[in-house]
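# Descriptive structure summary
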Amino acid sequence: MLKQQISMIGVPMDLGQLRRGVDMGPSAIRCAGVNERLECLCQDIEDLGDMTIGQREDEKEGGEPASEELRNLKAITKASVKLAETVDNIVASGAFPLVLGGDHSIAIGTLAGLAKHYQNLGVIWYDAHADLNTKETSPSGNIHGMPLAISLGIGHEGLTAIYGKEAKIKAENIVIIGARSLDDGEKELIRDKGIKVYTMHEIDRLGMTRVMEETIDYLRGRTDGVHLSLDLDALDPNDAPGVGTPVAGGISYRESHLAMEMLEESKLITSAEFVEVNPILDEKNRTAEAAVALMGSLFGEKLL
């Protein structure tokens, strides 16, 4: 692979959902050797450390939001603006932004920062969930189930207007891979917007090679940059047990490596984030190690 500079930022955010521990995801990924792994592949790794994230806001008993607003809305908004500024600066410097999560609500800030540099930003949403909920459709009220909708300009105005009032991405520039847990409101939005989705049915039926070939062909002709947003719960829980919302029957570890290898060969990916690693729920840091191994494949690591 061509050597490139990578600027890595950790976002220890656990505000987008109720389960604790995902804020330790960036530390777990570093403990799994991400710096050492990527230093062997890339010319320059700049580790910017971890952002400081605000405290959880007061909640009623039972985990309900303390007001009519979404849970931890103010703290997530503040963190998202800060992350957007950081990602914006990384891209402006000519480096590759690599964001370590944290729950998937961090994608709100990542995509907002990237959107300043692309007219047609493509997004590969590698996830068991579509994260296309709004306050009205979400069964839980957790913002980590909303970042893709928010980036489309759909949802709470305080979140859709982060780092610019315009939508950050277009529906026709999204490909969701690995979906197997979709809420009714998300299904309706997918149909309404014509979002391209490869559920586990398509992956099983077509095979990962064809899914990735079609994804690459689809995005190559319509985008001027492609962001990979990889939630570790896209993988089967047997391969990635340390996630907050595991769903059985997921993508295998080897299929995921193949997907990353094909993306590296395509030279399409211009930024990436790896999210939802929760070491408290993990087994001997297996999920963080899987994340680092997949990063290796994405950045050109080969067996021979």
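Residues numbered from 1 in each chain as written. Predicted model: local features only at pLDDT ≥ 70, side-chain atom pairs only at ≥ 80, totals over all residues. Heavy atoms only, no water.

## Remarks on the packing of helix H9 (residues 208–220) against helix H10 (residues 253–266)
Spelled out, the test is: Fitted lines through C-alpha atoms give the axes, limited to the stretch in contact for helices. The angle between two N-to-C directions lies from 0 to 180 degrees. Elements are defined by DSSP. Helices are runs of H or I of four residues or more, strands are runs of E of two residues or more, and each kind is numbered from the N terminus. Geometric relationships in this document are graded by angle, where less than 35 degrees denotes roughly parallel, more than 145 denotes roughly antiparallel, 65 to 115 denotes roughly perpendicular, and other angles denote oblique. Rotating anticlockwise by less than a right angle from the far helix to the near helix defines a left-handed crossing, while the corresponding clockwise rotation defines a right-handed one. What makes two residues a contact is simply this: any of their non-hydrogen atoms within 4.5 Å. Under this grouping Gly is polar, as are all residues other than the nonpolar Ala, Val, Leu, Ile, Met, Phe, Trp, Tyr, Cys and Pro and the charged Asp, Glu, Lys and Arg.
Here H9 crosses H10 at 30°, and the two axes come no closer than 10 Å. On the basis of the axis angle, H9 is roughly parallel to H10. Considering the relative orientation of H9 and H10, their crossing is right-handed. Contact residues: Met208, Thr209, Met212, Glu213, Ile216 and Arg220 in H9; Glu255, Leu258, Ala259, Met262, Leu263 and Ser266 in H10. Residue composition of the contact of H9 with H10, by class: seven nonpolar, two polar and three charged.

## Quick notes on helix H11 (residues 286–298)
Rules: The length a helix should cover is 1.5 Å for every residue beyond the first. Between buried and exposed lies partly exposed: a residue is buried under 20% and exposed over 50% of the maximum accessible area for its type, with that area taken using a 1.4 Å probe on protein chains only.
The end-to-end C-alpha separation of H11 is 18 Å, in line with the 18 Å expected for 13 residues at 1.5 Å each. Judged by how many residues are buried, H11 sits mostly within the fold: eleven of 13 residues are covered. Restricting attention to buried positions, one finds in H11 the residues Thr287, Ala288, Ala290, Ala291, Val292, Ala293, Leu294, Met295, Gly296, Ser297 and Leu298. Packed against the buried residues of H11 are helix H1 (25–31), helix H2 (34–39), strand E3 (96–101), strand E7 (225–231), H10 and strand E8 (269–275).

## Regarding the side chain of asparagine 142
Mapped onto the elements, asparagine 142 comes out in the loop between strand E4 (121–126) and helix H5 (147–151). With residues near it in sequence (within four places) discarded, asparagine 142 still touches Gly16, Gln17, Leu18 and Arg71.

## Digging into H10
End to end, H10 covers 20 Å across 14 residues, agreeing with the expected 20 Å (1.5 Å per residue, within 8%). Where H10 is concerned, the buried positions are Ser256, His257, Ala259, Met260, Glu261, Met262, Leu263, Glu264 and Ser266. The secondary structure elements touched by the buried residues of H10 are E4, H9, E7, E8 and H11.

## Examining the environment of glycine 25
Within the secondary structure layout, glycine 25 lies in helix H1. Taking C-alpha positions, glycine 25 is 4.8 Å from valine 277, a pair spaced 252 residues apart along the chain. Aside from chain neighbours lying at most four places away, what touches glycine 25 is Gly101, Gly102, Val277 and Pro279.

## Some details on the UniProt feature "binding site: Mn(2+)" (unreviewed entry) in the protein chain
To keep it simple, the criterion reads: UniProt positions are given in the numbering used here, feature names are shortened, and annotations may be inferred rather than shown by experiment. Throughout this description, a polar contact denotes any pair of N or O atoms lying within 3.5 Å of each other; where both atoms belong to protein, one of them has to be capable of donating a hydrogen while the other can accept it, and for residues adjacent in sequence the pair is counted only when both atoms sit in side chains.
When the UniProt feature table is mapped onto this chain numbering, "binding site: Mn(2+)" (unreviewed entry) sits at His104, Asp127, His129, Asp131, Asp231 and Asp233. For the annotated residues, spread through 130 residues, the largest C-alpha to C-alpha distance comes to 12.3 Å, consistent with a single compact locus. Note on placement: aspartate 231 falls in strand E7. Residue contacts for aspartate 231: discarding those within four places in its chain leaves His104, Tyr126, Asp127, Val275 and Glu276. If you trace the backbone, aspartate 233 turns up in the loop between E7 and H10. By relative accessible area, aspartate 233 is classed as buried at 1%. The residues contacting aspartate 233, other than those within four sequence positions of it, are Asp127, Ala128, His129, Arg180, Val243 and Thr245. There is a polar contact of 3.2 Å between the side chain of aspartate 233 and the backbone nitrogen of alanine 128.

## Focus on the sheet that holds E3
Quick note on the threshold: Any two strands between which DSSP finds at least two bridges are classified as paired.
The eight strands are arranged E2-E1-E3-E8-E7-E4-E5-E6 in an open sheet whose pairing can be described as parallel. The sheet is open, and its two edges are formed by strand E2 (44–50) and strand E6 (196–199), each paired on a single side. The mean angle between the axes of side-by-side strands here comes to 15°, regardless of whether they run parallel or antiparallel. Relative to E3, strand E1 (residues 5–11) runs parallel, the two sharing six bridges. Across the sheet, residue isoleucine 9 finds its bridge partner in E3, namely valine 99. Relative to E8, H11 is tilted by about 175°, and along the sheet it contacts E3, E7 and E8.

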